Amino acid sequence: MTSEAEPTGILGSRPTLSQDQVKHLEFIQAVITRLGTNSFLVKGWCLTLAAGLLAFAAEGSRLSVAATAFVPLVAFWFLDGYFLWQERLFRKLYDQARKPGAEVELFSMNPYPYAGQVRWWQATFSVTLSLFYGGIGVAHLAVLLAVVLG
């Protein structure tokens, strides 16, 4: 058995972190997990609401419902983008806090020093969110056109 202070592997000794540093990383990881869960829930609510509104708009040929269905779509997209942005900021904080001798204050949960490296709009218009919400937007547009033309 090897202890954490003993060398492991070919590259030399494994860096050791104090128990407080490990606990700090666990706190940051918990926030990242919560943000990921919130993002998942936002996507689920968006799909549910979009399906309901589009079905209602298509059934009754209601232009007002079809048009206003874009409002919650955009709101959910921006909210999900905010969660992804926050997650990326906390990942930057985690990446800095995991290094031995890190300059991150112990138990600091402030990710905003990294806001210059990760922009909200980059997270909001990332490939994954753009494909997800863009696809729903195309469905909204199709129903809107069907209501207008049909």
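Computed from a prediction, not measured in an experiment: that's the story for all the values here.

## Points about helix H1 (residues 19–60)
- With 42 residues, H1 should cover 62 Å at 1.5 Å per step; its first-to-last C-alpha distance of 62 Å lies within 8% of that length.
- Along H1, the positions that sit buried rather than exposed are His24, Leu25, Ile28, Val31, Ile32, Leu35, Ser39, Val42, Cys46, Ala50, Leu54 and Ala57.
- Those residues of H1 that are buried are in contact with helix H2 (63–68), helix H3 (70–97) and helix H5 (127–149).
- Backbone geometry just after H1 places Ser61 at a positive phi near 50°.

## Examining H5
- The end-to-end C-alpha distance of H5, which contains 23 residues, comes to 31 Å, matching closely the 33 Å that a straight helix rising 1.5 Å per residue would cover.
- Every buried residue of H5 is accounted for by Leu129, Tyr133, Ile136, Gly137, His140, Val143, Leu144 and Val147.
- Against the buried residues of H5 lie H1, H2, H3 and helix H4 (120–124).

## Some points on the UniProt feature "transmembrane region" (unreviewed entry) in the protein chain
- Under the feature "transmembrane region" (unreviewed entry), the UniProt entry names residues 40–58, 65–85 and 130–149.
- Taken as a whole, residues 40–58 contains 100% helix and 0% strand, while its terminal C-alpha atoms sit 27 Å from one another.
- Across residues 65–85, helical content stands at 95% and strand content at 0%; the span's end C-alpha atoms are separated by 31 Å.

## Description of the side chain of Ser126
- Here Ser126 shows up in the loop between H4 and H5.
- Judged by its relative accessible area of 9%, Ser126 falls in the buried class.
- Beyond its immediate chain neighbours, meaning those up to four positions away, Ser126 contacts Leu84 and Arg88.

## Side note on unusual backbone geometry
- A positive phi angle, near 70°, is found at Phe107, a position not held by glycine.
- Take Phe107: it is sitting in the loop between H3 and H4.
- Given the relative accessible area of 35%, Phe107 is considered partly exposed.

## Quick notes on the packing of aromatic side chains
- What the rule picks out here adds up to nine aromatic pairs.
- A centroid spacing of 5.7 Å and a plane angle of 15° characterise the contact between Trp77 and Tyr133, whose relative ring orientation is stacked. Taken as a pair, Trp77 in helix H3 and Tyr133 in helix H5 lie far apart in primary sequence, 56 residues in all.
- The class of Trp77 is buried, set by a relative accessible area of 15%.
- One aromatic cluster is present, formed by Trp77, Phe78, Trp120, Phe125, Phe132 and Tyr133 through successive ring pairs.

## A closer look at the nonpolar core
- Of all hydrophobic cores here, the largest spans 25 residues; its most connected members are Ile28, Cys46, Phe90, Leu93 and Tyr133.
- Listing elements by their share of this core, those giving two or more residues are H1, H3 and H5.
- For this core, the leading source of residues is H3, giving 10 residues.
- Discounting chain neighbours no more than four positions away, the residues touching Tyr133 are Val42, Lys43, Cys46, Leu73, Phe76, Trp77 and Asp80.
- By size, the runner-up hydrophobic cluster in this structure holds seven residues, among which are Val65, Ala66, Val143 and Leu144.

The rules behind each value
Residues numbered from 1 in each chain as written. Predicted model: local features only at pLDDT ≥ 70, side-chain atom pairs only at ≥ 80, totals over all residues. Heavy atoms only, no water. Helix = DSSP H or I, 4+ residues; strand = E, 2+ residues; numbered from the N terminus. Expected span 1.5 Å × (residues − 1). Buried < 20%, exposed > 50% of the residue type's maximum accessible area, 1.4 Å probe, protein only. Contact = heavy atoms within 4.5 Å. UniProt positions renumbered as here; feature names shortened; annotations may be inferred. Phe/Tyr/Trp six-rings, centres within 6.5 Å; stacked < 30°, edge-to-face > 60°. Core = buried A, V, L, I, M, F, W, Y, C linked by side-chain atoms within 4.5 Å.

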